[in-house]
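# Report on the structure
Spelled out from the first residue to the last, the chains are:
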Amino acid sequence: MRWSKALIPTHKEEPADAETVSHRLMLRAGLMRKLTSGVYNYLPLGWRAIHKVERIVREEMDRAGCQEILMPVVSPAELWRESGRWDVYGKELWRVQDRNGRYFALGPTHEEVVTDIVRKEVRSYRELPFTLYQIQTKFRDELRPRFGVVRAREFIMKDAYSFHRDDASLDETYRDICDAYDRIFNRLSLTFRPVEAATGAIGGSVSHEYMVLSDTGESEVIVCDCGYAATDERAEGVVRPVQGEEDPKDMERADTPDAKTIEEVSEFLGVEPWRLVKTIIYEADGKPVAALIRGDREINEAKLALALGTDILEPASPEIIEKVTAAPVGFAGPVGLKGVEIMADHSVEPLVNIVVGANESDAHFVNVNRERDFEVTAFHDIALIAKGDECAKCGRELNSFRGIEVSQAFKLGTKYSSSMKATFLDEDGVAKPFIMGCYGLGVSRTVAAVIEQHNDEDGIVWPMAAAPFPVQILVINVKSEETMKVAEDLYGKLRAAGVDVLLDDRDDSPGAKFKDADLVGVPLRITVGERGLKRGAVEARVRRTKEQTDIPVESAVEEVLKLLETLD
Ligand code: ATP
Ligand code: MG
């Protein structure tokens, strides 16, 4: 590709609203442009990187025995009603209507559609197991689109679905696909770790997420030296007690004017944050419930939903909170709370003389004691586990790291096949629901993750496997005929040898072109200039190591091909 004719709009300036390195560099290096919130155009360099990743994904999925198909983006609401997800998915499901007012979903994931294909086409256990996959544009109306293509509303995903007659077969395919994921992320030179994950709206029992280690990652992963690793959403652990011996005191009401948050109330009353027990009102399946957690900790909503046995859990609206507590938002407490279940985290159990909202504006109760002053319906592990807590498996202190989730695998079991009546005839002649697995990998997010791990102060440092071009030829002065002749000759011969080359033939200052070369990060740069040619040489420079060597013009093609072999 000739840069003079290519759409590679690079920028010197830092983009204003980009918070992460990958987001900034994808904009500055002209890989993509935002169309609207969470929706991006991929320009030539970005699209080439996407293709590189897609190709690796395809090769490894095919090697794992999966078959590629393409399902529609649009699917009828009826299918989603059959599985129950038309309601469960909430606002993230992008819903559209056709001219007759019929509802459709723009696919965020395709369990329903693929289950519909299979229930119509597959009859016998003899046809099992098999795995179908596609690489396709997905839609999710994310609450907070951010970090560019890391959390977009329209993005590219590889999604795969496996069908089995029994759990042993599912286990085998699950392992094969996890092996394929290991190969994919290794080929992309990513530092990553598979970790145990919660199953969320997709459902199922066992799940793993592949985390690319990055400080800008949105996921917090809890790890232990014993090998335990899980997302914070999923992680189990023991919250250590903080309170020493204390005798229960008499409960009192305290005025707390204008103090609502934990910090404000603890400062105003002069007590430690942990002593303030938070009361959070949720709606579970439309029914209000109260959840209690120590003031210095957060609730894990996934665990709370599990404890309540519901799929639909949301923080209650201000109207509901005011109705349940008979007070404005911010003063909820368990004392005298009527008509709602009270779920509490285990860490609340040993506490005495706590502070809670008084269900009254600008007031709290102090020296509150459970059993004497209020009743808890049930205790559960509903805390978000954090670094410093105790490992539930071995008792050691837990650690944490941040990561970008690039893929997730689920053992779905019969969640979709049962609700959608997708069955096969087993050897014994009995109709049984398919046992399923599903495996999603964010292709566009993976490109961002690669950049997040491969960059320096000058720009992107592409690993070979994802680079839009392996080689760039930079012509110092395009007005020099001799220089252009050598550059064109090398360009033509490398292309004839099957190498994708970016030829910077722009009539621009060498300084600007060197800066751009570093910014777009092509692994090998060949500079052709008059000074070098006097010595009969062009200059090869490796982007990652900044190593520079002269190579003779006559053998430049062979030398470049040899050098490319050594890079990864
Ligand atoms: P997250 O927790 O980040 O929202 P998820 O658990 O909803 O992800 P899955 O449903 O497992 O994601 O989707 C499979 C893969 O698709 C993810 O691992 C991720 O790489 C990618 N992905 C999910 N949501 C987005 C998004 N909004 N933008 C870009 N990629 C996404
Ligand atoms: Mg999500």
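Parameters at a glance
- Residues numbered from 1 in each chain as written.
- Chains lettered and ligands numbered in written order.
- Predicted model: local features only at pLDDT ≥ 70, side-chain atom pairs only at ≥ 80, totals over all residues.
- Heavy atoms only, no water.
- Helix = DSSP H or I, 4+ residues; strand = E, 2+ residues; numbered from the N terminus.
- Buried < 20%, exposed > 50% of the residue type's maximum accessible area, 1.4 Å probe, protein only.
- Contact = heavy atoms within 4.5 Å.
- Axes fitted to C-alpha atoms, helices over the stretch in contact; angles between N-to-C directions.
- Parallel < 35°, antiparallel > 145°, perpendicular 65-115°, else oblique.
- Left-handed = near helix turned anticlockwise from the far one by under 90°.
- Nonpolar A, V, L, I, M, F, W, Y, C, P; charged D, E, K, R; others polar.
- Near = heavy atom within 4 Å.
- Polar contact = N/O pair within 3.5 Å; in protein donor to acceptor, adjacent residues only side chain to side chain.
- Areas by Shrake-Rupley, 256 points an atom, 1.4 Å probe, with all protein chains shown as cover.
- Salt bridge = Lys/Arg side-chain N within 4 Å of Asp/Glu carboxyl O.
- Patch = residues over 30% accessible without salt bridge, like charges linked within 9 Å, V, L, I, M, F, W, Y side chains within 5 Å.
- Lys, Arg positive; Asp, Glu negative; His and termini not counted.
- Charge placed at Lys NZ, Arg CZ, Asp CG, Glu CD.
- Phe/Tyr/Trp six-rings, centres within 6.5 Å; stacked < 30°, edge-to-face > 60°.
- Lys NZ or Arg CZ within 6 Å of the ring centre and 35° of its normal.
- Pairing = 2+ DSSP bridges.

## Some words on the overall build of the protein
Scanning the protein for helices and strands turns up 15 helices and 33 strands. In the protein, which comprises 568 residues, the proportion classed as buried is 53%. Put simply, 70% of the contacts in the protein that link residues at least 6 apart link residues at least 24 apart.

## A closer look at the packing of helix H12 (residues 481–496) against helix H15 (residues 556–566)
Helix packing geometry: the angle between the two helix axes and the distance between the axes. It is the contact of H12 with H15, at a shortest axis distance of 10 Å, that shows an interaxial angle of 55 degrees. Taken together, the axes of H12 and H15 lie oblique to each other. For H12 against H15, the interelement crossing comes out right-handed. The residues of H15 that touch H12, namely those facing Leu490, Lys493 and Leu494, are Ala556, Val557, Val560 and Leu561. Each residue belonging to the contact of H12 with H15 can be placed in one class, and the counts come to six nonpolar, no polar and one charged.

## Some remarks on the site of ligand 1
The environment of ligand 1 is made up of 16 residues, and the closest members are Arg140, Glu142, Arg151, Ala152 and Glu405. Note that an oxygen atom of ligand 1 is positioned 3.4 Å from one of the backbone N or O atoms of serine 407. A distance of 3.2 Å separates an oxygen atom of ligand 1 from a polar backbone atom of glycine 442. Relative to its unbound accessible surface of 580 Å², ligand 1 loses 86% to contact with the protein. Of all elements in the fold, only strand E8 (154–164), strand E23 (399–413) and strand E26 (435–442) reach the threshold of two or more residues within the shell around ligand 1. Ranked by residues supplied to the shell around ligand 1, first place goes to E23 with four residues. Residue classes in the shell around ligand 1 are distributed as seven nonpolar, four polar and five charged.

## Overview of the environment of valine 96
Among the structural elements, valine 96 can be located in strand E5 (residues 94–97). When the C-alpha atoms of valine 96 and valine 352 are compared, they prove to be 53 Å apart, with 256 residues separating the residues in sequence.

## What to know about the pattern of salt bridges
Within this structure, the stated rule accounts for 54 salt bridges. A salt bridge links glutamate 539 to arginine 525; the nearest nitrogen and oxygen atoms lie 3.7 Å apart. With glutamate 539 in strand E32 (residues 537–542) and arginine 525 in strand E31 (residues 524–528), the pair connects residues that are 14 residues apart, well separated along the chain. Residues participating in the shared-partner salt-bridge network are Asp456, Glu457, Asp458, Asp518, Arg541, Arg543 and Lys546.

## Description of a negative patch on the surface
On the surface, a cluster of negative charge is made up of Asp258, Glu263, Glu264 and Glu267. With respect to the element layout, glutamate 267 can be found in helix H7 (residues 262–269). Residue class for glutamate 267 comes out exposed when judged on its relative accessible area of 69%.

## Some remarks on the packing of aromatic side chains
Under the defined criterion, the tally for this structure stands at 13 aromatic pairs. Aromatic pair tyrosine 42 and tryptophan 47: ring centres 5.9 Å apart, planes at 40 degrees, arrangement tilted. On the numbers, 6.0 Å between centres and 85 degrees between planes, the contact of tryptophan 94 with phenylalanine 139 is edge-to-face. With tryptophan 94 in strand E5 and phenylalanine 139 in strand E7 (residues 130–139), this residue pair connects regions lying 45 residues apart in the sequence. Judged by relative accessible area, phenylalanine 139 falls into the buried class, the value being 13%. The lysine or arginine in question, arginine 95, covers the ring of tryptophan 86, its NZ or CZ lying 4.5 Å from the ring centre.

## Observations regarding unusual backbone geometry
A negative phi holds for most residues other than glycine; trans holds for most peptide bonds. Residue leucine 128 is joined to proline 129 through a cis peptide bond whose omega torsion reads -5 degrees. With a phi angle near 55 degrees, alanine 326 is a residue other than glycine that sits in the positive phi range. Take alanine 326: it is sitting in the loop between helix H9 (318–325) and strand E18 (341–345). With relative accessibility at 66%, the residue alanine 326 sits in the exposed group.

## Points about the sheet that holds strand E4 (residues 74–76)
As summarised here, the arrangement of the three strands in space is E4-E6-E5, forming an open sheet in which the pairing is antiparallel. Strands with a single pairing partner mark the edges of an open sheet, and in this sheet they are E4 and E5. For this sheet, the mean inter-axis angle between neighbouring strands, taken without regard to orientation, is 40 degrees.

## A look at the environment of glycine 437
Mapped onto the fold, glycine 437 is located in strand E26. Its relative accessible area of 0% is what places glycine 437 among the buried residues. With near-sequence residues (within four places) excluded, glycine 437 lies in contact with Ala160, Tyr161, Ser162, Leu170, Phe410 and Leu412.

## A closer look at the pairing of E32
Most of E32 sits inside the fold, with five of its six residues counted as buried. In terms of strand pairing, E31 meets E32 through four bridges, oriented antiparallel. Looking at the pairing, arginine 525 lines up with arginine 541 of E32. Pairing of E32 with strand E33 (residues 548–552), which is carried by five bridges, proceeds in the antiparallel orientation. Across the sheet, residue alanine 540 finds its bridge partner in E33, namely threonine 549. Counting the residues that bridge the hairpin from E32 to E33 gives five residues, and of these lysine 546 lies at a positive phi of roughly 60 degrees.

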